[in-house]
Amino acid sequence: MSVYRPLVCLFRHGTAARAWRTLTTWSPVGAAFNARVHRRLDIFHQNVGLFGVPELSCVEGFEVVQDRALQETQQLVEEACRCPPGVQTVEIFDKLSDSLCRVADMADFIKVAHPDPSYREAAERTCINIGTMVERLNTNVDLCKSLKDLLDNEEIFSKLDPETRRVAELFLFDFEISGIHLDKKKRKEAVNLNVKLLDLSNQFLMSCHMPNRIEKRALPEHIHQHFTKDGNYIQIGGLNADAPDDLVREVAYKVFLYPNENVMHILEELLSCRDKLARLVGYESYAHRALKGTMLRNVRNGQFLRDSPLLYRRIKPGLNLPLGVIRAERFNIEPSLYSPYFSLGACMEGLNGLFTQLYGVSLLAEQPSVGEVWSEDVRKLAVVHETEGLLGYIYCDFFYRPDKPHQDCHFTIRGGRQLEDGQYQLPIVVLMLNLPHPTRSAPTLLSPGMMENLFHEMGHAMHSMLGRTRYQHVTGTRCVTDFAEVPSILMEYFATDYRVISQFARHYQTGQPLPQSMVARLCESKKVCGAADTQLQVFYAIMDQVYHGKPQNRSTTDIMIDMQKKYYGLPYVTNTAWQLRFSHLVGYGAKYYSYLMSRAVASMVWKQCFYKDPLNRETGERYRREMLAHGGGKEPMLMVEGMLQKRPSIEDFVNALVSDLDPDFETFIMDSEG
């Protein structure tokens, strides 16, 4: 493929290229990611539009695809309302959901990722318009009645397959939490609150990623190079947590987290609207509403962390340790010592090898068509199974751009579903990272943290690729929040296992493998600071619950300071407002505990199923069959139970988190017989 040609040219010319010359055995996917992208000047082929949607070859196309989706929505609503109860009812509802999601999800991504402001603005308008329609549908009494008639008909409903029954119940749940049971006046109020929440959520998300500015003269000149310059100002768009210079990290922390009154108002209005909506539709708080249907199903889920003497006793001793000193002196894990072994191409080659061995899946680099991608740095991967064929597409937007969100994230652009003609609608996802660009003398080199993040996000992608649900409403990561992070966190365990790392981590110049002793130091350093990291997640989760619980007559900053004193060992830094950068409050509102819950499940799956042999094909196939294939189409605890051959208790979840802090946790293998 032409995408590989620049790498060949690079090997032939220049002294810098000669430094790479010892490595000529990259697989095609490794070569594609270790080469600079040189798009062909193609004047003979038509612009196919973003993601192959012809209308999106221009900004005006958003209105076209939006209007078409809204028209199709109206037709499907009418069809659903006159359809007799049966499986067709659920199929029509899923087509309706798919029609709106295919536009809304794509627009949701483009509004934050496209470098052209006109595209971002058009996409945001589309998100608001589609979102408004969704909220209206969720309070459409006639539409709800057509679904309820099915669920109330026990004779017909009992004959449906389990996935269809679950999807029908999930659609009804959407109606219920939107206030379908209210009178007309209150339903209208619920719609208005949801529309307002959509706007506030968009505003807060955008503000989370906006850089703060400070005058150049306020900072020592020798650290200017670490930040973006803007005339007489320095722009700081992140925490620079990996910077080796203490002063750089301190400046980034204090400037990036400096309070913004406007954003403070947006967040407090967002929380207030959520509380009003929850109470309007009959819940005690937004937390009660948000947690219905999750694995824990108990608004006091934080108790299993907060009140567990076992967890608190095991993690508290690590809270007041000088983290920087421990990391630098006891364990030498300076990122620059590791990054030469983790070129982006090597890591992608490692992922490809891992997926091939576990699932029989290969990642194949493809040349995007004209107009298909939003930046020339974006790579396109086809995910192909050895017997099932093409499973879907992953677009990899991996390199830093000033206009991109600074968080690594995963977007579903199109969900998979069974089509009427017997074909399968292939899923499309985007992975977004912020990696450094390759240089003239070296490919993109990843720190251990960057490599782990890459594995994490690819876990989300493979959840979508390997799922084969009948309905897109429950495809891939469209499952309950406290299960959605399990596949991605499980990938972090693979990313720190030497048996996996040894298959791909080699020096980009010499070809030498990463020494096992360095991997051991890396893993041990994570455990040393793991207590503090876990306690930080506990603090985040509890603060999220308090924000979404009973309203309090004080600011979000005052609440955060109070929670930090109670549940975290490091002191609050004056004149900072970390919560204003906590974008998870939008997508994970009242559900941030999900990271801890998912980590506990992933830990149990790793230790019981993968630790003995992380490359075992039989185990990989069983993991796909029991957990990945179902998306949200099966009760999450049943999936966990199927994989572990037991239903975990709260004590099992807590013990799994604690065992990861134990220096000897590798010797612990869960007894599958319970």
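These numbers were taken from a predicted model, which means no experiment stands behind them.

(A) Structural view of the side chain of Ser 603. The residue Ser 603 is located in helix α27 (residues 594–610) in this model. Separated by 3.5 Å, the side chain of Ser 603 and the backbone oxygen of Ala 656 make a polar contact. Within the local environment of Ser 603, its side chain forms a polar contact with the side chain of Asp 660, the two groups lying 3.2 Å apart. With residues up to four places along the chain from it excluded, the contact list for Ser 603 reads Tyr 493, Ala 656, Ser 659 and Asp 660.

(B) Summary view of the sheet that holds strand β3 (residues 233–236). Spatially, β1-β3-β2 is the arrangement adopted by the three strands of the open sheet, whose pairing is antiparallel. Bordering the open sheet on either side are β1 (212–215) and β2 (228–230), each of which pairs with just one other strand. Going across the sheet, the axis of each strand differs from the next one's by a mean of 35°, ignoring polarity. Bridge count for β1 against β3 is four bridges, and the pairing is antiparallel. In the sheet register, Arg 213 faces β3, and the bridge partner there is Gln 235. The strands touched by helix α11 (residues 246–256) are β1 and β3; relative to β3, the strand with the most contacts, the crossing angle is about 85°.

(C) Seen up close, the sheet that holds strand β7 (residues 409–414). A sheet is described by the order of its strands in space; here five strands give the open sequence β4-β5-β6-β10-β7, paired in mixed fashion. In this open sheet, the two edge strands, each paired with only one partner strand, are β4 (361–366) and β7. The mean angle between the axes of side-by-side strands here comes to 25°, regardless of whether they run parallel or antiparallel. Summarising the sheet, strand β6 (residues 389–399) and strand β10 (residues 428–435) pair through six bridges and their orientation is parallel. Bridged to Asp 397 within β10 is Met 432. Each of β4, β5 (379–385), β6, β7 and β10 touches helix α19 (residues 448–466); the most contacted strand, β10, lies at about 175° to it.

(D) Region of interest: the nonpolar core. Phe 342, Met 348, Ile 394, Phe 398 and Met 627 are the most contacted members of the largest nonpolar core, which has 144 residues in total. Among the elements that line this core, the one with the most residues is α27, at eleven residues. The residues touching Ile 394, leaving out its near neighbours within four places in the chain, are Arg 379, Lys 380, Leu 381, Val 383, Val 429, Leu 431, Met 458, Ala 461 and Met 465. The next biggest cluster of nonpolar side chains, apart from the first, holds 58 residues, and it includes Ile 92, Val 167, Trp 374 and Phe 411.

(E) Inspection of the environment of Pro 551 at higher detail. Here Pro 551 is to be found in the loop between α24 (530–547) and α25 (556–567). By relative accessible area, which is 49% here, Pro 551 ends up partly exposed. Each residue touching Pro 551, except ones within four places of it in the same chain, is listed here: Asp 275 and Arg 279.

(F) Layout of the pairing of β10. Here β10 lies mainly inside the structure; eight of its eight residues are buried. Residues Ile 428, Val 430, Met 432 and Asn 434 of β10 are buried on one face, and the alternating residues Val 429, Leu 431, Leu 433 and Leu 435, pointing to the opposite face, are buried as well. The sheet contact formed by β7 and β10 spans five bridges and is antiparallel. Note that in β10 the partner of Phe 411 across the bridge is Val 430.

(G) Highlighting the pattern of salt bridges. What the rule picks out here adds up to 32 salt bridges. The shortest N-O distance in the salt bridge between Arg 166 and Glu 635 comes to 3.3 Å. With Arg 166 in helix α9 (residues 162–177) and Glu 635 in the loop between α28 (617–628) and α29 (636–644), this residue pair connects regions lying 469 residues apart in the sequence. The exposure class assigned to Arg 166 is buried, which follows from its relative accessible area of 13%. The partly exposed category is assigned to Glu 635, whose relative accessible area is 22%. With a shortest N-O distance of 3.0 Å, Arg 506 and Glu 349 are connected by a salt bridge. Highlighted residues: Arg 506 in the loop between α22 (498–501) and α23 (516–528) and Glu 349 in helix α18 (residues 344–359), separated in sequence by 157 residues. Comparing Arg 506 with Glu 349, the two get one shared label, buried. One network of salt bridges, with partners in common, ties together Glu 91, Asp 161 and Arg 470.

Rules used in this analysis
- Residues numbered from 1 in each chain as written.
- Predicted model: local features only at pLDDT ≥ 70, side-chain atom pairs only at ≥ 80, totals over all residues.
- Heavy atoms only, no water.
- Helix = DSSP H or I, 4+ residues; strand = E, 2+ residues; numbered from the N terminus.
- Polar contact = N/O pair within 3.5 Å; in protein donor to acceptor, adjacent residues only side chain to side chain.
- Contact = heavy atoms within 4.5 Å.
- Pairing = 2+ DSSP bridges.
- Axes fitted to C-alpha atoms, helices over the stretch in contact; angles between N-to-C directions.
- Core = buried A, V, L, I, M, F, W, Y, C linked by side-chain atoms within 4.5 Å.
- Buried < 20%, exposed > 50% of the residue type's maximum accessible area, 1.4 Å probe, protein only.
- Salt bridge = Lys/Arg side-chain N within 4 Å of Asp/Glu carboxyl O.

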